[in-house]
Amino acid sequence: MIDEHAPYTVYKADMSYFSGKLEAYMRYKDIPHTPVDVDMVIMNRDIYPSTGVRKVPAVKCANGEWLFDTTPMMQWFEQRYPTAPILPDDPALAFMALLLEDYGDEWLWRPSMYWRWEQAASRRLLAWRIGVLANMGSLVAKLFGRYYASRQRKEWLWNDGVDRQNIAEVRDLYLQELAFLQSVFEKQPYILGSHPSAADFGYFGSMFRHFGNDPDPAEVMRREAPAVYEWLARLWNCKAGRLPAEQRWNVPAGEQWQQLLSRLTADYLPYLQQNAEAWRAGKKRFDFSGKSVSFRQTVTTRYRVWCLQQLQCRFAELDDESARIVAVWIQPYGGEAILRGEIIDSGMDDELRLPKADKPRSSLPAKHRFSIKEALLGRPRN
Ligand SMILES: N[C@@H](CCC(=O)N[C@@H](CS)C(=O)NCC(=O)O)C(=O)O
């Protein structure tokens, strides 16, 4: 099939969670693209004025249209590059892959922020690197890096439900994922079997660009979970065309899977549900209470209302037998009731529909035009 949208320009940043996820996927599928490092000039000259969106990764198609948000983006690419699909042909496993992708994207964000910004060596290195990559002179880079690091700590941790009571639990979320993934990769090369699936790419965001790269968590990974360290290189170097055409998938089983499913369905899904309820009630913050961790006054996120809505719609589309199989995997922890529960509409379907047209500057509302304050401070929340 000829892809009239190719070749793509992938605007990315090398320390960015979601850029790592998308690039690994595009490399795996051999999708023709040119990576471009984003700095403030490129963001404010090439991306923001034509889209009104300021986040990476951002993909520009050959015809000038744009793609944002890795989950819908990868689904969009799957229709154009269907060989070696990243969703297993078995519908129950395909659902599990999407659930794991979402969990990796959203739930591992907080521990990634902890390990990057609360650990001294990582914080200092990353603060410095961000200033340097933004093409700033050394003194400005130093000051900007410090400012950026303190903003990240505040915004994503201390002003978002992390406190002295739960900080150790946030730290340990990473260690638990390492134990889970290590046990999986001792048996098979990818999370669900012989080939990378959406689950691998979902985990890759945090594992590759944060945990496997930032000095403190990377050393923990090398020591505690060498098979995870090996998987990072394996997936980064993996090309679908070099793997056997036949994909073999395995069902989740074993102690480490049980623990993962418990975190997924007794912490993450309740978090999504409570976030959606808070959003509907117009609350900017809410007290989250899960089985193993709780966050007081965490910020309500509209994007994650959409995440739950997507999972619920996918679950509702499953045939009875596949839904029953998924329910057996997640039921012991109450996950099924949430997936079958009332769907709260985030109203984001249009905003997240791809591709997005390239808008002439003048058609953007005034709030989307360039502002120094926004250039420095403004940022989307996922
Ligand atoms: N849901 C989006 C998230 C994109 C996103 O949040 N990207 C972060 C970097 S990893 C970002 O651009 N944040 C804006 C900022 O840091 O100013 C995706 O899957 O791509």
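Residues numbered from 1 in each chain as written. Predicted model: local features only at pLDDT ≥ 70, side-chain atom pairs only at ≥ 80, totals over all residues.

**So, the nonpolar core**
The nonpolar side chains of a soluble globular protein tend to be buried with one another.
Part 1: Formed by 97 residues in total, the largest nonpolar core has its most connected members in Phe95, Met96, Ala97, Leu99, Ala198 and Val228.
Part 2: Of the residues forming this core, the biggest block, 11 residues, is contributed by helix H4 (residues 91–107).
Part 3: Counting the residues that make up this core, at least three belong to each of domain 1 (8–82 + 353–377) and domain 2 (91–340).
Part 4: The residues contacting Phe95, other than those within four sequence positions of it, are Arg314, Phe315, Leu318 and Val326. (Core = buried A, V, L, I, M, F, W, Y, C linked by C-beta atoms within 7 Å. Buried ≥ 20, exposed ≤ 12 C-beta atoms within 10 Å, placed from the backbone. Helix = DSSP H or I, 4+ residues; strand = E, 2+ residues; numbered from the N terminus. Domains from an automatic or database assignment. Contact = placed C-beta atoms within 7 Å.)

**Section: the pairing of strand E6 (residues 294–299)**
Part 1: Summarising the sheet, strand E5 (residues 285–289) and E6 pair through 4 bridges and their orientation is antiparallel. Paired with Phe288 across the bridge in E6 is Phe295.
Part 2: With antiparallel pairing between neighbouring strands as the criterion, E5 and E6 make up a hairpin whose turn holds 4 residues. (Pairing = 2+ DSSP bridges.)

**Describing helix H11 (residues 226–236)**
Part 1: Of the positions making up H11, those classed as buried are Val228, Tyr229, Trp231, Leu232 and Leu235. On an axial view of H11, the arc spanned by its buried residues comes to 155°, and they lie on one face. Along H11, exposed side chains directed more than 90 degrees from the buried face belong to Glu230 and Ala233.
Part 2: Lining the buried residues of H11 we find helix H1 (17–28), helix H8 (167–185), helix H9 (198–211) and helix H10 (215–224). (Arc of directions from axis to C-beta.)

**Comments concerning the environment of Thr301**
Part 1: Mapped onto the secondary structure, Thr301 falls in the loop between E6 and helix H13 (302–317).
Part 2: Assessed through the 20 C-beta atoms surrounding it within 10 Å, Thr301 is described here as buried.
Part 3: Along the backbone, Thr301 and Asn275 are 26 residues apart, and their C-alpha atoms lie at a distance of 6.8 Å.

**Things to note about the domain arrangement of the protein**
Part 1: Examined at the domain level, the protein breaks down into domain 1 (8–82 + 353–377) and domain 2 (91–340).
Part 2: If you look at the interface, domain 1 gives 16 residues, while domain 2 gives 24 residues.
Part 3: Put simply, the parts of the chain that give the side of domain 1 that touches domain 2 at least two residues each are H1 and helix H3 (70–80).
Part 4: Take the side of domain 1 that touches domain 2: its biggest share by element is 8 residues, from H1.
Part 5: Here the residues of the side of domain 1 that touches domain 2 are counted per class, giving 8 nonpolar, 4 polar and 4 charged. (Nonpolar A, V, L, I, M, F, W, Y, C, P; charged D, E, K, R; others polar.)

**A closer look at H4**
Part 1: A rise of 1.5 Å per residue sets the reference length of H4, with its 17 residues, at 24 Å; its end C-alpha atoms lie 23 Å apart and thus fit the reference within 8%.
Part 2: Where burial is concerned, most of H4 is hidden: 16 out of the 17 residues are buried. (Expected span 1.5 Å × (residues − 1).)

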